[in-house]
Amino acid sequence: MMVEGLEEQQEPLIRIDRERCIGCGECIDICPQSRDTEFPVFERGEDGRPQVVNEDSCIGCLSCEQDCRADAIRVEVEDRDDRYGPPDQRAEIKCRAMF
Ligand code: SF4
Ligand code: SF4
């Protein structure tokens, strides 16, 4: 599933800072593309920390980044501002992604 307005060649790049990550799993739970999907973005690793197993499934909603209490996850694209737009548009993308 792709969010309208996102171009296929603009791939997300999910970075997890394993020094900061506390393994709470919130990013896995909140990710709309990791719940009941055939190709989840995240799987929980043996240490409880998220592992990115299907980065292509990410729709760039930024829920994981915004909800991480340890500020340990970033979803980056080269031209991120072009892709996601200003924060109010990102919120719209997030809503569309969740419903
Ligand atoms: S929400 Fe943040 S601290 Fe929690 S598991 Fe994900 S990356 Fe780690
Ligand atoms: S940006 Fe959204 S879809 Fe991508 S990994 Fe984070 S929560 Fe999942």
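Residues numbered from 1 in each chain as written. Chains lettered and ligands numbered in written order. Predicted model: local features only at pLDDT ≥ 70, side-chain atom pairs only at ≥ 80, totals over all residues. Heavy atoms only, no water.

1. What about the pairing of strand β4 (residues 73-76)?
Then, in step 1: Alternating residues of β4 divide into Ile73 and Val75, all buried, and Arg74 and Glu76, none buried.
Then, in step 2: Two strands pair when backbone bridges link them, and strand β1 (residues 13-16) and β4 are joined in this way by four bridges, in the antiparallel orientation. Directly across from Ile16, in β4, lies its bridge partner Ile73. (Buried < 20%, exposed > 50% of the residue type's maximum accessible area, 1.4 Å probe, protein only. Helix = DSSP H or I, 4+ residues; strand = E, 2+ residues; numbered from the N terminus. Pairing = 2+ DSSP bridges.)

2. Quick look at the pattern of salt bridges
Pairs can form between side chains of opposite charge whenever their charged atoms are close.
Then, in step 1: Inspection of the entire model under this criterion finds two salt bridges.
Then, in step 2: Measuring nitrogen to oxygen at the nearest pair gives 3.6 Å for the salt bridge that ties Arg49 to Asp47.
Then, in step 3: Residue classification places Arg49 among the partly exposed positions, given a relative accessible area of 22%.
Then, in step 4: The closest approach of N and O atoms between Asp71 and Arg74, which form a salt bridge, is 2.9 Å. (Salt bridge = Lys/Arg side-chain N within 4 Å of Asp/Glu carboxyl O.)

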